[in-house]
Amino acid sequence: MASAGLRDAPQLPDFGLLKRLARDQLVYLLEQQHEVDKLYKVENKPAYSTSDQLCFLVRPRIKNMKYVANIVNADKAAGRTRKYKIIFSPQKFYTCEMVLEEEGIYGDVTWDEWSFYLLPLDEDIISMELPEFFRDYFLEGDQRWIGTVGQALHLLNSLFGPFTRTYGMGQGAKMVHELWHEIEEDSPVDTVGQKPEIGHIFLLDRDVDYVTALCSQVVYEGLVDDTFRIKCGSVDFGPDVTSSDRSIKVLLNAQDKVFSQIRNEHFSSVFGFLSQKARNLQAQYDRRRGMDIKQMKTFVSQELKGLKQEHRLLSLHIGACECIMKKKTKQDFQELLKTEHALLEGFDIRESVSFIEEHIDRQVSPIDSLRLLCLLSITENGLAPKDYRSLKTQYLQSYGPEHLLTFHNLKHLGLLTEQAPGETLTAVESKVSKLVTDRTAGKLSDAFSSLGRKSNFRGISKKLGLIPRGDGEYDLKVPRDMAYVFSGAYVPLSCKLIEQVLERKSWLGLEEVTRLLGGNEFVTELGKARIVLVVFLGGCTFSEISALRFLGREKGLRFVFLTTALTNSARLLESTIEAKA
């Protein structure tokens, strides 16, 4: 199985410390400073409270400022006087002040900051819970969250560092790295004599690898996320899973004995494991027969509660698997995977285009149709103008003309483009680079890439061997490489990059790959470490997490994941849509 025992792997740091620090600071802000006695969820409705002061704990978002303004202005209209305090988490932005001023309440509120940058979701996953980072930075060019990530790295370095070696790829990664070091210089932390719990750190922009985020996930945790949407490390299983008339919220982490054993498995292996687990549980229950009173008392006090909990979790995961199977069968999932694999390998492209056209015409799902279009565009380095116009017209006719803005956003991101402009720019770049110095050519290249971003997926795939060429059928129960997370068809580009750089301890030998990826790679300092912090700017998928966990087991390493948010193809594409479909 993919989740076999770790090969001489080091112990992970205790990230519970991050929660304790954040909780203590919040308790101080709420109780000692503001004497808060009751909490309400921020919702788009009036706040019914008899208190003479209101304290709002919010993210620095415009809609939250307008919510606060509505409450304050409603109180003003009713002639009611109260004190209002806004606590921004993780920090306040100037935009918030502007909105409060526009709404006429800037002088009526005071504010504070709760520096809660990091939420540990599991023993090796930390999320900043900033889903807006992807759209804000990659689509709109808003760099305000770069500082937040820099502050988060400063905190981690002070607690679990010093980090001895830093690798990175991407413009955002480079900016975060530079800002983080500025913070370190301005607010130095004494780490002399401190033994680093995390040694290496790898920063990676989401736009370095869009393909992995767009592929259908087939490991169990990824499928649960795609089907039910995992939020802050928990999932709501509805009546179709619980076989009752109510929903249940379930925490999905290493503490769940059933989930921890199947989370990284390919879905085809999960049912067999759950069946065996059910038989083992039944055998443990059957041990009660023939016990004397003393043995029965020991069994009830020490084992029965744990068995019941395990039985409950087993039932839920079996129900989740059945629900996933029903939905995927209805969606003709195998045909979908076949098309994705053909696109990744570059075979039967016309057949794949026909499948996408049929998918659009049947109006199966606007997000899935968009995902296939983007996957086709990236793997083919843009669509031929004729195909682009035809597929765009069909999509707009099926799902509505309001998606014209969506196509504009996708083109800007380099997710869905036409071939001709990209080819023209590449030719111009080539000629210019022969006439000017390398440094000047680099600047011109950056300018050109901002006008028409190209994916170069085929070239990168060939250089890194992303499409396995093994003989015979791929054994998904005993995988031989990270490709198992995509049924043996594709090794995630992001994970392969990390593997190659860690093996070489530098970017040497990967110059052609970094050129095709647009450059912005960097490496600093020296040192040895077996715990690697991987930072994803713009979101990380559960498939990438499973792949790197597998790599860690193979190499005797442990990976810790810090991401601005956990993402999947649906979340990524939804953030580009102006009019929600």
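Remember, it's a predicted structure, so these values are computed and weren't measured experimentally.

Okay, the packing of aromatic side chains next. Within the structure shown, the criterion is met by 20 aromatic pairs. Ring centres of Phe93 and Trp145 lie 5.0 Å apart, and the angle between their planes is 85 degrees; on these two criteria the pair is classed as edge-to-face. In this pair, Phe93 is assigned in the loop between β2 (83-88) and α3 (94-102) and Trp145 in helix α5 (residues 144-160), connecting sequence segments 52 residues apart. An aromatic cluster is defined as three or more aromatic residues linked by ring pairs; in this entry it consists of Phe133, Phe134, Tyr137, Phe138 and Tyr210. Over the face of the ring belonging to Trp111 we find Lys92, whose NZ or CZ atom lies 4.2 Å from the ring centre. Taking NZ or CZ as reference, Lys328 lies 4.7 Å from the ring centre of Phe333, over its face.

For the rest of this paragraph, the subject is helix α13 (residues 333-345). Here α13 spans 18 Å end to end across 13 residues, near enough to the 18 Å set by a 1.5 Å rise per residue. Along α13, the residues that are buried comprise Phe333, Leu336, Leu337, Thr339, Glu340, His341, Ala342, Leu343 and Leu344. Of the residues trailing α13, Gly346 is marked for its positive phi of about 85 degrees.

A cluster of acidic side chains, namely Glu178, Glu182, Glu185 and Asp186, defines a negative patch on the protein surface. In this structure, Glu178 sits in helix α6 (residues 171-186). Looking at Glu178, the relative accessible area reads 46%, which means it is partly exposed.

With that out of the way, let us pick up the pairing of strand β11 (residues 531-537). Across the 7 residues of β11, 7 count as buried, placing the element largely inside the fold. Burial along β11 is two-sided: the face carrying Ile531, Leu533, Val535 and Leu537 and the face carrying Val532, Val534 and Phe536 are both buried. As paired strands, strand β7 (residues 200-205) and β11 are joined by 6 bridges and run parallel to one another. What sits directly across from Asp205, in β11, is Leu537. Pairing of β11 with strand β12 (residues 558-563) involves 6 bridges; the strand directions are parallel. The partner of Val535 across the bridge, within β12, is Leu562. For the crossover that starts at β11, traverses helix α23 (residues 542-555) and ends in the parallel β12, the hand is right-handed.

Taken as a whole and assessed by the stated rule, the structure comprises 26 salt bridges. Salt-bridge contacts for Arg362 lead to Glu358; the nearest nitrogen and oxygen are separated by 3.8 Å. On the accessibility criterion, Glu358 (43% relative accessible area) is partly exposed. The closest approach of N and O atoms between Glu499 and Lys496, which form a salt bridge, is 3.4 Å. Of the two residues, Glu499 and Lys496 are both situated in helix α21 (residues 493-504); the distance of 3 residues between them amounts to about one turn of the helix. For the residue pair Glu499 and Lys496, the accessibility class agrees, reading buried in each case.

Attention now moves to the packing of helix α16 (residues 385-399) against helix α17 (residues 404-413). A pair of packed helices is captured by two measures, namely the crossing angle of their axes and the spacing between those axes. Where α16 meets α17, the closest approach of the two axes is 10 Å, and the angle between their N-to-C directions is 140 degrees. The angle between α16 and α17 falls in the class oblique. From α16, Tyr388, Lys392, Tyr395 and Leu396 reach across to α17, where they touch Leu404, Phe407 and Lys411.

Turning to the confidence of the model for the protein, a few remarks are in order. Confidence along the protein averages 84 in pLDDT terms, with 83% of residues attaining 70 or more. In the model of the protein, helix α19 (residues 438-451) stands out as the element of lowest mean pLDDT, 43, in contrast to helix α7 (residues 210-214), which has the highest, 97. In this model residues 424-452 is a low-confidence stretch, pLDDT under 50, and it forms 11 contacts with partners more than four residues away in sequence or in other chains.

This brings us to the sheet that holds strand β5 (residues 125-127). On the basis of which strands lie adjacent, the open sheet formed by 7 strands has the order β4-β5-β12-β11-β7-β6-β10 and mixed pairing. A strand with exactly one partner marks an edge of an open sheet, and here the two such strands are β4 (119-122) and β10 (521-524). Across the sheet, the axes of successive neighbouring strands diverge by a mean angle of 20 degrees, strand direction being ignored. Here α23 sits on the sheet in contact with β5, β11 and β12, set at roughly 160 degrees to β12.

The next subject is the nonpolar core. Tyr220, Tyr490, Leu533 and Phe559 are the most contacted members of the largest nonpolar core, which totals 165 residues. Of all hydrophobic cores here, the second largest spans 5 residues; its members include Ala22, Leu26, Ile87 and Trp114.

Apart from glycine, the bulk of residues carry a negative phi angle, and the bulk of peptide bonds sit in the trans form. In the segment running from Ser89 into Pro90, the intervening peptide bond is cis, with an omega of 5 degrees. Inspection of the secondary structure puts Pro90 in the loop between β2 and α3. Positive phi, close to 50 degrees, is recorded for Asp348, a residue that is not glycine. With respect to the secondary-structure elements, Asp348 resides in the loop between α13 and α14 (349-361). The phi torsion at Ser487 lies on the positive side, around 60 degrees, for a residue other than glycine.

Let's shift gears to the state of the cysteines. Following the criterion strictly, the structure yields 0 disulfides and no others. Here Cys540 stays unpaired: no disulfide links it, and the sulfur of Cys495, its closest cysteine neighbor, is 7.7 Å away.

Now for the pairing of β2. For β2, a buried count of 5 out of 6 residues is recorded, marking the element as mostly surrounded by other parts of the structure. Sheet analysis places strand β1 (residues 53-58) next to β2, joined by 6 bridges and oriented parallel. Pairing of Val58 across the sheet is with Phe88, part of β2. Taken together, β1, helix α2 (residues 62-77) and β2 form a β-α-β motif whose crossover is right-handed. As judged from the 5 bridges shared by β2 and strand β3 (residues 109-113), these two strands associate in the parallel manner. Looking at β3, one finds that Lys85 is bridged to Thr110. Handedness of the crossover is the feature at issue here: the chain leaves β2, passes through α3, returns alongside β3, and the resulting connection is right-handed.

Rules and cut-offs
Residues numbered from 1 in each chain as written. Predicted model: local features only at pLDDT ≥ 70, side-chain atom pairs only at ≥ 80, totals over all residues. Heavy atoms only, no water. Phe/Tyr/Trp six-rings, centres within 6.5 Å; stacked < 30°, edge-to-face > 60°. Helix = DSSP H or I, 4+ residues; strand = E, 2+ residues; numbered from the N terminus. Lys NZ or Arg CZ within 6 Å of the ring centre and 35° of its normal. Expected span 1.5 Å × (residues − 1). Buried < 20%, exposed > 50% of the residue type's maximum accessible area, 1.4 Å probe, protein only. Patch = residues over 30% accessible without salt bridge, like charges linked within 9 Å, V, L, I, M, F, W, Y side chains within 5 Å. Areas by Shrake-Rupley, 256 points an atom, 1.4 Å probe, with all protein chains shown as cover. Salt bridge = Lys/Arg side-chain N within 4 Å of Asp/Glu carboxyl O. Lys, Arg positive; Asp, Glu negative; His and termini not counted. Charge placed at Lys NZ, Arg CZ, Asp CG, Glu CD. Pairing = 2+ DSSP bridges. Right-handed = clockwise from strand over helix to strand, strands pointing away. Axes fitted to C-alpha atoms, helices over the stretch in contact; angles between N-to-C directions. Parallel < 35°, antiparallel > 145°, perpendicular 65-115°, else oblique. Contact = heavy atoms within 4.5 Å. pLDDT = per-residue confidence, 0-100. Core = buried A, V, L, I, M, F, W, Y, C linked by side-chain atoms within 4.5 Å. Disulfide = S-S within 2.5 Å.

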